[in-house]
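Summary of the model geometry
The lines below spell out each chain.
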Amino acid sequence: MAARGARLCSLLLLAALAGLGTEAKNSEDVRCKCICPPYKDHSGHIYNKNVSQKDCDCLHVVEPMPVPGPDVEAYCLRCECKYEERSSVTIKVTIIIYLSILGLLLLYMVYLTLVEPILKRRLLGHSQLIQSDEDIGDHQPFANAHDVLARSRSRANVLNKVEYAQQRWKLQVQEQRKSVFDRHVVLS
């Protein structure tokens, strides 16, 4: 299931790259940005316009010109114009990769959520069979978890290791509870 999801995501990524690679450069990918500070009684303003790099100056970008004819040169000298270029293809590919990884993690979480109860039932059932075969009078339900997991090490994978750690933790908690209750009885 996870392998199928990974293949699907990689195919979608390749299709997106193929579609994005054929596009011409968008007009939104290049712009000239002029930042003009306050001048006399005019407030500061930011101007953006899609122009070529050679036309990236105050005279071509600032429209409408906020000052009358003789002050235009003084106003334009105060403006700072920068030519900016970005790659929308790179941005789109980055977003696709991010969403693909997020989708894979979501699929993995759903997979673990659905498979964990099945594994628990199988492990608990196997543990109870071993207890009944050996006729152990121990009342701790996870007393044989270590033995069960030691026998199933032939299928050593991540889920078995997680189950082993979980069972070991539960056993430790039960031992701590038992020692606390024993101490409580002694102190009473």
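Keep in mind that this is a model prediction, so the values were computed, not measured.

**Describing the overall build of the protein chain**
The helix and strand tally for the protein chain stands at 6 helices and 3 strands. Traced from its N-terminal end to its C-terminal end, the protein chain shows the element sequence α-β-β-α-α-β-α-α-α. Out of the 188 residues in the protein chain, the part that is buried amounts to 22%. Partitioning the intrachain contacts of the protein chain with sequence separation of at least 6 by distance along the chain shows that 57% fall at a separation of at least 24.

**A word on the nonpolar core**
By size, the foremost hydrophobic cluster in this structure holds 15 residues, and its most contacted members are Cys32, Cys34, Cys36, Tyr47, Val61, Val62 and Tyr75. Elements with a contribution of two residues or more to this core: β1 (30–36), α2 (58–61) and α3 (72–78).

**As for the state of the cysteines**
Here the structure, examined in full by the defined rule, presents 4 disulfides. Through a disulfide, Cys32 is tied to Cys56; the S-S separation comes to 2.0 Å. Between Cys32 and Cys56, the S-S dihedral sits near 75°, and the bridge is therefore right-handed. In this pair, Cys32 sits in strand β1 while Cys56 sits in the loop between β2 (45–49) and α2, placing the two residues 24 residues apart along the sequence. Cys32 gets classed as buried once you look at its relative accessible area, which sits at 0%. A sulfur-sulfur distance of 2.2 Å marks the disulfide that ties Cys58 to Cys76. Around the S-S axis, the bridge from Cys58 to Cys76 shows a dihedral of about -65° and counts as left-handed. Note that Cys58 is positioned in helix α2 and Cys76 in helix α3, a separation of 18 residues in sequence.

**A look at the pattern of salt bridges**
For the structure shown, the criterion picks out 4 salt bridges. Of the charged contacts, one joins Arg31 and Glu84 as a salt bridge, the two residues approaching to 2.6 Å between their closest N and O atoms. Taken together, the residues span a long stretch of sequence, with Arg31 in strand β1 and Glu84 in strand β3 (residues 80–85) at a distance of 53 residues. Under the relative-accessibility criterion, Arg31 is labelled partly exposed at 29%. With its nearest N and O atoms 3.1 Å apart, the salt bridge here joins Glu63 to Lys49. Here Glu63, found in the loop between α2 and α3, pairs with Lys49, found in strand β2; they are 14 residues apart in sequence, far enough to count as distant. On the basis of relative accessible area, Lys49 is assigned to the partly exposed category, the value being 27%.

**Some details on the sheet that holds β3**
Taken in spatial order, the 3 strands line up as β2-β1-β3 in an open sheet, and their pairing is antiparallel. Both edges of this open sheet fall to β2 and β3, since each of them pairs with a single strand only. Adjacent strand axes in the sheet meet at a mean angle of 20°, parallel and antiparallel pairs treated alike. Alignment of β1 against β3, held across 6 bridges, turns out to be antiparallel. Looking at the pairing, Arg31 lines up with Glu84 of β3.

**Quick word on the UniProt feature "transmembrane region" (unreviewed entry) in the protein chain**
UniProt's entry tags residues 95–114 with the feature "transmembrane region" (unreviewed entry), counted in the numbering of this structure. Along residues 95–114 the backbone is 100% helical and 0% strand, and the end-to-end C-alpha distance reaches 28 Å.

Cut-offs and rules
- Residues numbered from 1 in each chain as written.
- Predicted model: local features only at pLDDT ≥ 70, side-chain atom pairs only at ≥ 80, totals over all residues.
- Heavy atoms only, no water.
- Helix = DSSP H or I, 4+ residues; strand = E, 2+ residues; numbered from the N terminus.
- Buried < 20%, exposed > 50% of the residue type's maximum accessible area, 1.4 Å probe, protein only.
- Contact = heavy atoms within 4.5 Å.
- Core = buried A, V, L, I, M, F, W, Y, C linked by side-chain atoms within 4.5 Å.
- Disulfide = S-S within 2.5 Å.
- Salt bridge = Lys/Arg side-chain N within 4 Å of Asp/Glu carboxyl O.
- Pairing = 2+ DSSP bridges.
- Axes fitted to C-alpha atoms, helices over the stretch in contact; angles between N-to-C directions.
- UniProt positions renumbered as here; feature names shortened; annotations may be inferred.

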